[in-house]
Amino acid sequence: MGDLAVGARSGHEGPEERPGRSEERPGRSEEPVPPAAGDDVPPAEGSGGHGGGDEPAGDADGAAPAPKKQRSFWKELPLLIGIALVLALLIKTFLVQAFSIPSDSMQNTLQQGDRVLVDKLTPWFGSEPERGEVVVFHDPDKWLAGEPTSEPNVLQTALSWIGLMPSAEEKDLIKRVIGVGGDTVECKDTGPLRVNGKALNEPYVYPGNTPCSMDDGGGQFKVKVPEGKIWVMGDHRQNSLDSRYHQQDEHKGFVPVGNVVGRAVVVAWPPTRWSTLPVPDTFDQNLSAAAPGALGLAGAVPLVLWRRRRLTAGDTRVSGSRTAG
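Values in this document were obtained by computation on a predicted structure and should not be read as measured data.

Quick notes on the rules
- Residues numbered from 1 in each chain as written.
- Predicted model: local features only at pLDDT ≥ 70, side-chain atom pairs only at ≥ 80, totals over all residues.
- Heavy atoms only, no water.
- Helix = DSSP H or I, 4+ residues; strand = E, 2+ residues; numbered from the N terminus.
- Pairing = 2+ DSSP bridges.
- Core = buried A, V, L, I, M, F, W, Y, C linked by side-chain atoms within 4.5 Å.
- Buried < 20%, exposed > 50% of the residue type's maximum accessible area, 1.4 Å probe, protein only.
- Contact = heavy atoms within 4.5 Å.

1. Details of unusual backbone geometry
- Going from G191 to P192, the amide bond is cis rather than trans, its omega being 10 degrees.
- Cis geometry is adopted by the peptide bond preceding P270, which originates at W269 and carries an omega value of 0 degrees.
- The topology assignment puts P270 in the loop between β11 (260–269) and β12 (275–276).
- A positive phi is found at K142, a non-glycine position, where the angle reads about 60 degrees.

Following this line, the structure appears as C-alpha coordinates:
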(Lines give C-alpha, C1' and ligand atoms only; values in the text may rest on other atoms or scores of the structure.)
Protein backbone atom coordinates (compact mmCIF):
# COMPACT_ATOMS: atom_id res chain seq x y z
CA MET A 1 0.00 0.00 0.00
CA GLY A 2 2.93 2.31 0.60
CA ASP A 3 3.85 2.10 -3.06
CA LEU A 4 0.38 3.24 -4.11
CA ALA A 5 0.77 6.49 -2.24
CA VAL A 6 3.70 7.62 -4.40
CA GLY A 7 2.75 10.74 -6.36
CA ALA A 8 -0.69 11.01 -4.76
CA ARG A 9 -1.87 14.46 -3.70
CA SER A 10 -2.40 15.19 -0.10
CA GLY A 11 -3.55 18.18 1.82
CA HIS A 12 0.01 19.48 1.87
CA GLU A 13 1.39 19.98 -1.67
CA GLY A 14 4.99 19.28 -2.37
CA PRO A 15 7.35 21.63 -4.14
CA GLU A 16 6.26 22.71 -7.65
CA GLU A 17 8.40 22.05 -10.71
CA ARG A 18 10.52 24.92 -11.94
CA PRO A 19 9.36 26.88 -15.03
CA GLY A 20 10.57 25.64 -18.38
CA ARG A 21 9.36 22.07 -18.02
CA SER A 22 7.53 20.95 -21.15
CA GLU A 23 5.05 18.70 -19.41
CA GLU A 24 1.74 20.12 -18.26
CA ARG A 25 -0.71 18.50 -15.98
CA PRO A 26 -4.30 18.47 -17.13
CA GLY A 27 -6.73 20.39 -15.05
CA ARG A 28 -4.14 22.63 -13.47
CA SER A 29 -3.40 26.25 -14.39
CA GLU A 30 0.06 27.73 -14.38
CA GLU A 31 0.72 29.80 -11.30
CA PRO A 32 3.56 32.25 -10.84
CA VAL A 33 6.49 30.76 -9.13
CA PRO A 34 8.38 32.89 -6.64
CA PRO A 35 12.01 33.40 -7.65
CA ALA A 36 14.60 31.39 -6.02
CA ALA A 37 17.17 33.02 -3.86
CA GLY A 38 19.93 34.65 -5.88
CA ASP A 39 17.98 34.82 -9.16
CA ASP A 40 18.19 38.22 -10.94
CA VAL A 41 14.72 39.36 -11.75
CA PRO A 42 14.02 42.83 -13.22
CA PRO A 43 11.66 44.99 -11.22
CA ALA A 44 8.06 45.04 -12.25
CA GLU A 45 6.77 47.84 -14.45
CA GLY A 46 5.71 50.87 -12.52
CA SER A 47 7.64 49.83 -9.46
CA GLY A 48 10.55 52.14 -10.18
CA GLY A 49 12.97 49.36 -9.35
CA HIS A 50 13.02 50.28 -5.66
CA GLY A 51 9.57 49.47 -4.58
CA GLY A 52 8.65 53.13 -4.46
CA GLY A 53 6.43 55.28 -6.70
CA ASP A 54 6.91 56.08 -10.37
CA GLU A 55 10.18 57.75 -11.42
CA PRO A 56 10.98 59.59 -14.68
CA ALA A 57 12.86 57.92 -17.50
CA GLY A 58 16.60 58.31 -17.64
CA ASP A 59 17.66 56.23 -14.61
CA ALA A 60 20.44 53.67 -14.44
CA ASP A 61 18.65 51.12 -16.66
CA GLY A 62 19.81 53.08 -19.84
CA ALA A 63 16.63 54.93 -20.80
CA ALA A 64 17.06 58.28 -22.72
CA PRO A 65 17.31 61.39 -20.49
CA ALA A 66 14.52 63.90 -20.45
CA PRO A 67 15.02 66.85 -22.94
CA LYS A 68 16.47 70.03 -21.48
CA LYS A 69 14.35 73.11 -21.27
CA GLN A 70 15.07 75.57 -24.13
CA ARG A 71 16.45 79.02 -23.34
CA SER A 72 14.19 81.98 -23.71
CA PHE A 73 14.36 83.88 -27.03
CA TRP A 74 14.95 87.14 -25.17
CA LYS A 75 17.96 85.62 -23.43
CA GLU A 76 19.45 84.54 -26.78
CA LEU A 77 18.68 87.81 -28.58
CA PRO A 78 21.77 89.74 -27.30
CA LEU A 79 24.01 86.87 -28.40
CA LEU A 80 22.46 86.85 -31.90
CA ILE A 81 22.88 90.62 -32.21
CA GLY A 82 26.50 90.38 -31.11
CA ILE A 83 27.28 87.69 -33.69
CA ALA A 84 25.55 89.71 -36.43
CA LEU A 85 27.59 92.83 -35.58
CA VAL A 86 30.87 90.92 -35.59
CA LEU A 87 30.05 89.38 -38.98
CA ALA A 88 29.05 92.77 -40.39
CA LEU A 89 32.32 94.29 -39.18
CA LEU A 90 34.36 91.48 -40.72
CA ILE A 91 32.50 91.82 -44.03
CA LYS A 92 33.03 95.59 -44.06
CA THR A 93 36.72 95.23 -43.25
CA PHE A 94 37.67 92.40 -45.60
CA LEU A 95 34.92 91.81 -48.18
CA VAL A 96 32.44 94.53 -49.18
CA GLN A 97 31.69 98.06 -48.01
CA ALA A 98 28.93 100.47 -48.99
CA PHE A 99 29.74 104.00 -50.17
CA SER A 100 27.50 106.94 -51.03
CA ILE A 101 28.05 109.06 -54.16
CA PRO A 102 28.38 112.69 -53.00
CA SER A 103 28.62 114.55 -56.33
CA ASP A 104 27.78 114.52 -60.05
CA SER A 105 31.34 113.91 -61.28
CA MET A 106 30.56 110.35 -62.41
CA GLN A 107 27.29 111.03 -64.24
CA ASN A 108 25.60 109.29 -65.92
CA THR A 109 27.29 106.12 -64.72
CA LEU A 110 26.59 107.13 -61.12
CA GLN A 111 24.12 109.67 -59.80
CA GLN A 112 24.44 111.74 -56.66
CA GLY A 113 22.93 109.77 -53.78
CA ASP A 114 23.57 106.33 -55.30
CA ARG A 115 24.91 103.64 -52.96
CA VAL A 116 27.59 101.41 -54.40
CA LEU A 117 29.15 98.22 -53.05
CA VAL A 118 32.93 98.15 -53.18
CA ASP A 119 34.94 94.95 -53.45
CA LYS A 120 37.65 95.06 -50.79
CA LEU A 121 38.64 91.39 -50.98
CA THR A 122 40.72 91.19 -54.16
CA PRO A 123 43.25 93.86 -53.07
CA TRP A 124 44.11 91.60 -50.11
CA PHE A 125 45.34 89.03 -52.64
CA GLY A 126 47.60 91.51 -54.46
CA SER A 127 45.16 92.61 -57.14
CA GLU A 128 45.77 96.16 -58.39
CA PRO A 129 43.39 98.56 -60.18
CA GLU A 130 43.02 98.04 -63.92
CA ARG A 131 42.07 100.40 -66.73
CA GLY A 132 38.34 101.08 -66.99
CA GLU A 133 37.46 100.11 -63.41
CA VAL A 134 35.49 102.48 -61.19
CA VAL A 135 37.41 102.69 -57.92
CA VAL A 136 37.01 104.30 -54.51
CA PHE A 137 40.19 105.80 -53.06
CA HIS A 138 41.28 107.90 -50.10
CA ASP A 139 41.97 111.56 -50.82
CA PRO A 140 45.63 111.55 -51.95
CA ASP A 141 46.43 115.24 -51.31
CA LYS A 142 43.54 117.49 -50.21
CA TRP A 143 41.43 116.99 -53.33
CA LEU A 144 38.37 117.50 -51.13
CA ALA A 145 39.66 120.60 -49.37
CA GLY A 146 36.81 123.03 -48.88
CA GLU A 147 34.15 120.48 -49.80
CA PRO A 148 31.26 120.49 -47.30
CA THR A 149 30.82 117.34 -45.24
CA SER A 150 27.72 116.47 -43.23
CA GLU A 151 28.00 115.75 -39.53
CA PRO A 152 26.65 112.24 -38.85
CA ASN A 153 24.76 111.49 -35.66
CA VAL A 154 25.78 108.77 -33.23
CA LEU A 155 23.63 106.08 -34.86
CA GLN A 156 24.91 106.88 -38.36
CA THR A 157 28.49 106.80 -37.12
CA ALA A 158 27.99 103.41 -35.45
CA LEU A 159 26.26 101.88 -38.48
CA SER A 160 28.86 103.20 -40.90
CA TRP A 161 31.64 101.87 -38.65
CA ILE A 162 30.30 98.31 -38.94
CA GLY A 163 29.47 98.71 -42.63
CA LEU A 164 25.67 98.77 -42.45
CA MET A 165 25.65 102.33 -43.81
CA PRO A 166 27.98 104.14 -46.23
CA SER A 167 31.13 105.63 -44.81
CA ALA A 168 30.16 108.81 -42.97
CA GLU A 169 33.43 110.54 -42.09
CA GLU A 170 36.12 109.15 -44.40
CA LYS A 171 37.06 111.53 -47.21
CA ASP A 172 36.95 109.20 -50.18
CA LEU A 173 36.52 109.80 -53.89
CA ILE A 174 35.24 107.68 -56.75
CA LYS A 175 36.58 107.92 -60.33
CA ARG A 176 37.35 105.76 -63.35
CA VAL A 177 40.88 104.40 -63.86
CA ILE A 178 42.23 105.60 -67.22
CA GLY A 179 45.93 104.77 -66.94
CA VAL A 180 48.08 102.46 -64.80
CA GLY A 181 51.82 102.35 -64.17
CA GLY A 182 53.81 102.76 -67.38
CA ASP A 183 50.91 104.16 -69.46
CA THR A 184 51.05 107.44 -71.36
CA VAL A 185 47.72 109.29 -71.22
CA GLU A 186 47.05 112.22 -73.54
CA CYS A 187 44.28 114.75 -74.17
CA LYS A 188 44.54 117.08 -77.14
CA ASP A 189 41.83 119.51 -78.20
CA THR A 190 38.42 117.97 -77.48
CA GLY A 191 39.63 114.42 -77.85
CA PRO A 192 39.53 111.54 -78.16
CA LEU A 193 41.38 110.55 -75.00
CA ARG A 194 44.40 108.42 -75.87
CA VAL A 195 46.22 105.75 -73.86
CA ASN A 196 49.62 104.74 -75.23
CA GLY A 197 48.67 106.35 -78.52
CA LYS A 198 45.39 104.46 -78.93
CA ALA A 199 42.08 106.34 -78.94
CA LEU A 200 39.37 105.32 -76.50
CA ASN A 201 35.73 105.04 -77.50
CA GLU A 202 33.95 106.33 -74.39
CA PRO A 203 30.16 105.96 -74.52
CA TYR A 204 30.04 106.39 -70.73
CA VAL A 205 31.07 110.08 -70.97
CA TYR A 206 28.25 112.40 -69.89
CA PRO A 207 26.02 113.36 -72.86
CA GLY A 208 27.06 116.73 -74.28
CA ASN A 209 30.58 116.50 -72.83
CA THR A 210 33.73 116.07 -74.88
CA PRO A 211 36.31 113.43 -73.83
CA CYS A 212 38.92 116.19 -73.37
CA SER A 213 38.35 119.68 -72.01
CA MET A 214 39.55 122.83 -73.78
CA ASP A 215 40.89 124.79 -70.81
CA ASP A 216 44.18 125.94 -69.37
CA GLY A 217 43.64 124.42 -65.94
CA GLY A 218 44.68 120.90 -66.89
CA GLY A 219 42.27 119.76 -69.59
CA GLN A 220 45.10 119.56 -72.14
CA PHE A 221 47.86 117.20 -70.99
CA LYS A 222 50.23 114.37 -71.77
CA VAL A 223 51.49 112.41 -68.79
CA LYS A 224 53.27 109.13 -68.13
CA VAL A 225 51.92 107.23 -65.14
CA PRO A 226 54.63 106.17 -62.64
CA GLU A 227 54.70 102.60 -61.38
CA GLY A 228 52.54 102.09 -58.30
CA LYS A 229 50.14 104.88 -59.26
CA ILE A 230 47.04 105.39 -61.41
CA TRP A 231 45.51 108.24 -63.44
CA VAL A 232 41.79 108.75 -62.80
CA MET A 233 39.07 110.80 -64.48
CA GLY A 234 35.36 111.35 -63.91
CA ASP A 235 32.77 110.38 -66.54
CA HIS A 236 31.28 113.89 -66.34
CA ARG A 237 34.40 115.34 -67.96
CA GLN A 238 33.48 118.99 -67.74
CA ASN A 239 32.36 118.66 -64.09
CA SER A 240 35.06 116.56 -62.45
CA LEU A 241 38.08 117.77 -60.49
CA ASP A 242 40.12 114.64 -61.14
CA SER A 243 43.79 113.89 -61.88
CA ARG A 244 43.87 116.58 -64.60
CA TYR A 245 43.34 119.40 -62.12
CA HIS A 246 45.74 118.25 -59.39
CA GLN A 247 48.98 118.05 -61.33
CA GLN A 248 50.53 120.62 -58.99
CA ASP A 249 50.01 118.58 -55.81
CA GLU A 250 52.41 116.21 -54.08
CA HIS A 251 51.64 113.27 -56.39
CA LYS A 252 51.25 115.41 -59.57
CA GLY A 253 47.67 114.27 -59.99
CA PHE A 254 48.42 110.56 -59.75
CA VAL A 255 46.76 108.38 -57.11
CA PRO A 256 48.97 105.91 -55.19
CA VAL A 257 47.70 102.36 -55.52
CA GLY A 258 47.90 102.07 -51.73
CA ASN A 259 45.14 104.70 -51.43
CA VAL A 260 42.67 102.57 -53.37
CA VAL A 261 39.98 101.10 -51.11
CA GLY A 262 38.54 98.81 -53.77
CA ARG A 263 36.58 98.52 -56.99
CA ALA A 264 32.93 99.58 -57.13
CA VAL A 265 31.07 96.58 -58.57
CA VAL A 266 27.33 97.19 -57.98
CA VAL A 267 24.91 100.09 -57.67
CA ALA A 268 22.87 98.73 -54.78
CA TRP A 269 20.55 101.65 -53.99
CA PRO A 270 18.02 102.89 -54.93
CA PRO A 271 16.45 99.67 -56.29
CA THR A 272 15.45 101.40 -59.52
CA ARG A 273 19.13 102.12 -60.20
CA TRP A 274 20.41 98.62 -59.49
CA SER A 275 23.15 97.67 -61.96
CA THR A 276 26.65 96.28 -62.22
CA LEU A 277 29.73 98.35 -63.11
CA PRO A 278 31.68 96.35 -65.70
CA VAL A 279 34.84 97.45 -67.50
CA PRO A 280 33.84 99.10 -70.83
CA ASP A 281 34.74 97.25 -74.02
CA THR A 282 37.09 99.99 -75.23
CA PHE A 283 39.59 98.89 -72.56
CA ASP A 284 39.68 95.36 -74.00
CA GLN A 285 41.90 96.50 -76.85
CA ASN A 286 45.62 96.02 -76.41
CA LEU A 287 46.60 99.21 -74.59
CA SER A 288 49.83 97.89 -73.11
CA ALA A 289 52.66 100.40 -73.15
CA ALA A 290 55.16 97.62 -73.84
CA ALA A 291 53.41 96.40 -77.00
CA PRO A 292 54.95 98.90 -79.52
CA GLY A 293 58.47 98.29 -78.22
CA ALA A 294 58.04 94.54 -78.24
CA LEU A 295 56.72 94.60 -81.81
CA GLY A 296 59.61 96.81 -82.92
CA LEU A 297 62.13 94.46 -81.32
CA ALA A 298 60.48 91.44 -82.93
CA GLY A 299 60.75 93.10 -86.34
CA ALA A 300 64.32 94.28 -85.83
CA VAL A 301 65.84 90.95 -84.79
CA PRO A 302 65.44 89.19 -88.19
CA LEU A 303 66.80 92.27 -89.98
CA VAL A 304 69.90 92.42 -87.76
CA LEU A 305 70.59 88.70 -88.17
CA TRP A 306 70.22 88.92 -91.95
CA ARG A 307 72.58 91.87 -92.14
CA ARG A 308 75.13 90.16 -89.87
CA ARG A 309 75.06 87.01 -92.00
CA ARG A 310 75.56 89.03 -95.16
CA LEU A 311 78.56 90.89 -93.78
CA THR A 312 80.13 87.70 -92.47
CA ALA A 313 79.78 85.93 -95.81
CA GLY A 314 81.57 88.78 -97.62
CA ASP A 315 84.48 89.14 -95.16
CA THR A 316 87.39 86.85 -96.20
CA ARG A 317 89.17 87.48 -92.94
CA VAL A 318 86.62 85.46 -90.98
CA SER A 319 86.71 81.66 -91.12
CA GLY A 320 84.38 79.34 -89.38
CA SER A 321 87.20 76.82 -88.76
CA ARG A 322 89.46 79.21 -86.88
CA THR A 323 89.33 80.46 -83.36
CA ALA A 324 90.21 83.87 -82.11
CA GLY A 325 93.88 84.05 -81.27
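2. Notes on the pairing of β11
- Relative to β11, strand β2 (residues 115–119) is paired through five bridges, and the arrangement is antiparallel. By the bridge assignment, L117 is partnered in β11 with V266.
- Sheet topology places strand β3 (residues 134–138) next to β11; three bridges connect them, and they run antiparallel. Each bridged residue has a counterpart across the sheet, and for V135 the counterpart in β11 is R263.
- Here two bridges tie β11 to β12, and the two strands are oriented antiparallel to one another. Residue pairing in the sheet places V266 in a bridge with T276 of β12.
- Hairpin connection from β11 to β12: five residues lie between these consecutive antiparallel strands.

3. Here we look at the nonpolar core
- One finds I178, V185, L193, L200, F221 and W231 to be the most contacted residues of the largest nonpolar core, which totals 17 residues.
- Among the elements of the structure, β5 (184–187), β8 (221–224) and β9 (229–233) are those that each provide at least two residues to this core.
- Membership of the second largest hydrophobic core comes to 13 residues, among which are V136, V261, A264 and L277.

4. Topic: the environment of M233
- Mapped onto the secondary structure, M233 falls in strand β9.
- With sequence-adjacent residues up to four places away left out, M233 is seen in contact with M106, K175, R176, I178, L193, P211, F221, D242 and R244.

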